[in-house]
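# Summary of structural features
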Amino acid sequence: MAHEFRTASAAPLSNWGEIDRDALRQARIDLAACFRTAARLGFEEGICNHFSALVPGRNDLFLVNPYGLAFREITASSLLVCDFDGHVVEGDGQPEATAFYIHARLHKQLPRARAAFHTHMPNATALSMVEGEPLAWAGQSSLKFYGRTMVDEVYNGLALDEAEGDRIASAMGDADIVFLRNHGVMVVGTGIAEAWDDLYYLERAAEVQVKALSTGRPLRAVAPDVARRTYEQMRAGDQESARLHLESIKRSLMRDEPEFAT
């Protein structure tokens with residue numbers, strides 16, 4: 001299902017300009033931790049899904065996983081730095097084709113998306129496949145996303161060109177979470193920690209909704225005014241909570257899989 005990416009013929013950047021190497025190294029470690037933990041939780045699908053993040057301090061370079069590695073194999077040093085023309089300016093290998101066409105166009109068109117996580121994680125993807133709004137706002141965890149989601153109703157097959165990447169970026173609008181019909185989900189954030197936190201809780205919210213639906217009994221949605229108030233309560237502490245969440249998964253990985261940070 002994954003596709004090899006063929007780099008454009010134009011020359012890559014010969015001068016990176018200013019790069020904060022310490023910040024880039026930390027971003028590599030943080031992103032690698034997200035890949036490893038996503039694998040632990042069953043969020044990955046073969047070698048087909050991808051996470052990316054803009055290089056700290058730059059709007060024209062991004063980190064992304066290389067083609068051919070499963071999430072559980074990712075290390076900080078294995079991540080690629082790419083430009084928006086498809087050139088790998090640091091790292092070994094190439095990005096997967098759909099990873100480049102989706103993430104490069106998303107970061108270019110939506111600079112607010114400092115991190116972008118795309119998965120086919122089972123429960124959220126299941127909700128992308130049914131009629132109607134994916135989230136029913138019936139569980140507390142789902143209220144973290146109240147007013148922050150949209151649905152891309154158009155499924156066009158694999159994203160193997162810039163036009164499809166631009167279409168997905170345009171469909172995203174002001175949303176942070178997009179359910180891609182018949183496909184999966186895209187989560188964007190102002191940083192790696194925020195994107196990871198949203199990805200984790202999105203799948204948990206989807207999981208309990210799918211389980212509730214499996215009972216065959218009607219869902220009991222939270223009243224809109226309560227849903228909005230709860231969302232505001234959650235968002236008030238979200239940034240710090242997300243930071244601490246990321247720190248916790250890094251501690252766990254340092255105990256069990258310390259090679260992730262190499």
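Residue indices begin from 1 for each chain and proceed along its sequence in written order. In view of the model being predicted, local features appear only for residues whose pLDDT reaches at least 70, and side-chain atom pairs are presented and counted only at 80 or more, with totals across whole chains, interfaces and linings using the full set of residues. Only hydrogens and water are removed before side-chain values are computed, so all heavy atoms of the structure are retained for them.

## Focus on the pattern of salt bridges
Two side chains that carry opposite charge are able to pair once their charged atoms sit near each other. Just so we agree on the cut-off: What makes a salt bridge here is a side-chain nitrogen of Lys or Arg within 4 Å of a carboxyl oxygen of Asp or Glu, nothing more.
For the structure shown, the criterion picks out 25 salt bridges. Ionic contacts of the salt-bridge type, sharing partners, join the residues Arg 112, Lys 144, Arg 148, Asp 176, Asp 197, Asp 198, Arg 235 and Asp 238 into one network.

## As for the sheet that holds strand β3 (residues 80-83)
Applicable threshold: At least two DSSP bridges between two strands are needed for those strands to be called paired. Numbering of helices and strands starts at the N terminus; helices are DSSP runs of H or I of at least 4 residues and strands are runs of E of at least 2. Only C-alpha atoms enter the line fits that serve as axes; for helices the fit covers just the stretch in contact. Angles between N-to-C directions range over 0 to 180 degrees.
Pairing is mixed in the open sheet, where eight strands are placed in the order β4-β3-β2-β1-β5-β8-β7-β6. Strands at the two margins of the open sheet, each flanked by one partner only, are β4 (88-90) and β6 (149-152). Across the sheet, the mean angle from the axis of one strand to that of its neighbour is 25°, orientation sign disregarded. Bridge count between strand β1 (residues 50-54) and strand β5 (residues 115-119): four bridges; the pairing is antiparallel.

## Regarding unusual backbone geometry
Selection criterion: Per-residue accessibility, obtained with a 1.4 Å probe over protein chains only, is compared with the maximum for each type, and a residue is labelled buried under 20%, exposed over 50%, and partly exposed between these values.
In the Ramachandran plot, Trp 137 falls in the positive-phi region, its phi being about 55° despite a non-glycine side chain. For Trp 137, the location among the structural elements is in the loop between α3 (122-128) and β6. On the basis of relative accessible area, Trp 137 is assigned to the buried category, the value being 18%. Not every positive phi belongs to a glycine, and Asn 182 is a case in point at roughly 60°. Here Asn 182 is to be found in the loop between β7 (177-180) and β8 (184-189).

## Some remarks on the side chain of Glu 96
This is how the line gets drawn: Between N or O atoms, a polar contact is any pair within 3.5 Å; within protein, one atom must be a potential hydrogen donor and the other a potential acceptor, and residues adjacent in sequence are included only when both atoms are from side chains.
Residue position: Glu 96 is located in the loop between β4 and α2 (97-109). Glu 96 gets classed as buried once you look at its relative accessible area, which sits at 3%. Within the structure, the side chain of Glu 96 is placed 3.0 Å from the backbone nitrogen of Ala 99, a separation counted as a polar contact.

## A word on the packing of aromatic side chains
Rule in force here: Put simply, two rings from Phe, Tyr or Trp (the six-membered ring, in Trp's case) pair if the centres are within 6.5 Å, and we call them stacked under 30 degrees between planes, edge-to-face over 60, tilted for the rest.
Under the criterion given, the structure shown has ten aromatic pairs. Ring geometry for Phe 100 and Tyr 101: centres 5.3 Å apart, planes at 70°, overall edge-to-face. With respect to burial, Phe 100 and Tyr 101 carry one shared label: buried. Seen from their ring centres, Trp 137 and Tyr 146 are 5.1 Å apart, and the 80° between their planes marks the pair as edge-to-face. As far as burial versus exposure is concerned, Trp 137 and Tyr 146 are alike and both buried. By the ring-pair criterion, three or more aromatic residues cluster together here, those being Phe 35, Phe 51, Phe 71 and Phe 117.

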